[in-house]
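Spelled out, the chains give:
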Amino acid sequence: MRWLVILVATIVIVSFAWPWLARLGLGRLPGDFTFTHRGRTYRVPITTTVLLSLFLSLVLRVFGR
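Notes on the structure in this doc start here.

The rules behind each value
- Residues numbered from 1 in each chain as written.
- Predicted model: local features only at pLDDT ≥ 70, side-chain atom pairs only at ≥ 80, totals over all residues.
- Heavy atoms only, no water.
- Helix = DSSP H or I, 4+ residues; strand = E, 2+ residues; numbered from the N terminus.
- Expected span 1.5 Å × (residues − 1).
- Buried < 20%, exposed > 50% of the residue type's maximum accessible area, 1.4 Å probe, protein only.
- Arc of directions from axis to C-beta.
- Contact = heavy atoms within 4.5 Å.
- 1 Å grid on protein atoms, 1.4 Å probe; cavity = no way out; pocket = protein on both sides within 12 Å on 5 of 7 lines; lining within 4 Å.
- Points joined across faces, edges and corners; volume = space filled by probe spheres on them.
- Nonpolar A, V, L, I, M, F, W, Y, C, P; charged D, E, K, R; others polar.

Quick notes on helix H3 (residues 46-63)
Here comes step 1: Its 18 residues place the ends of H3 26 Å apart at the C-alpha level, agreeing with the 26 Å of an ideal helix rising 1.5 Å per residue.
Here comes step 2: Residues Thr 48, Thr 49 and Ser 53 constitute the buried set of H3. When H3 is viewed along its axis, its buried side chains cluster within an angular range of 130 degrees and face the same direction. For H3, exposure combined with an orientation more than 90 degrees from the buried face picks out Leu 54, Phe 55, Leu 58, Arg 61 and Val 62.
Here comes step 3: Each element contacted by the buried residues of H3 is listed here: helix H1 (2-16), strand S1 (32-37) and strand S2 (40-45).

Listed below in structure tokens is the structure:
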């Protein structure tokens, strides 16, 4: 259950930080989906979310103690 909360929180953070992350090249990885429907662009950054979540988990594990 905890991993689900972390995943959702990471998705929200990535969504708000998308313009900055796009300049770093994130969001264009294999497994990140972008599609347009009725003139709106939707992004589903699955791979980017997993990578950022793993990185954040590592940072918190190393520096959290």
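With respect to the layout of surface pockets
Here comes step 1: Space inside the largest pocket adds up to approximately 310 Å³.
Here comes step 2: Around the largest pocket, the lining residues are Arg 2, Trp 3, Ile 6, Leu 7, Ala 9, Thr 10, Ile 13, Ser 53, Leu 56, Ser 57, Leu 60 and Arg 61.
Here comes step 3: Of all the secondary structure elements, the ones that give two or more residues to the lining of the largest pocket are H1 and H3.
Here comes step 4: If one sorts the elements of the lining of the largest pocket by residue count, H1 sits on top with seven residues.
Here comes step 5: Partitioning the lining of the largest pocket into residue classes produces seven nonpolar, three polar and two charged.
Here comes step 6: What lines the second largest pocket is simply Thr 10, Ile 13, Val 14, Ala 17, Trp 20, Leu 21, Leu 52, Phe 55, Leu 56 and Val 59.
Here comes step 7: Residue assignment for the lining of the second largest pocket shows that the elements contributing at least two residues are H1, helix H2 (18-23) and H3.
Here comes step 8: The leading source of residues in the lining of the second largest pocket is H3, at four residues.
Here comes step 9: Along the lines of polarity and charge, the residues of the lining of the second largest pocket split into nine nonpolar, one polar and no charged.

A short note on the side chain of Thr 48
Here comes step 1: Looking at where Thr 48 falls in the secondary structure, it is placed in helix H3.
Here comes step 2: Those residues in contact with Thr 48 that lie beyond four places of it in its chain are Leu 26, Gly 27, Leu 29 and Asp 32.

A few points about the environment of Pro 45
Here comes step 1: As for its placement among the helices and strands, Pro 45 is situated in strand S2.
Here comes step 2: Between the C-alpha atom of Pro 45 and that of Leu 26, which follows or precedes it by 19 residues, the distance is 8.5 Å.
Here comes step 3: Ignoring any residue separated from it by four or fewer positions in sequence, one finds Pro 45 in contact with Val 14, Trp 18 and Asp 32.

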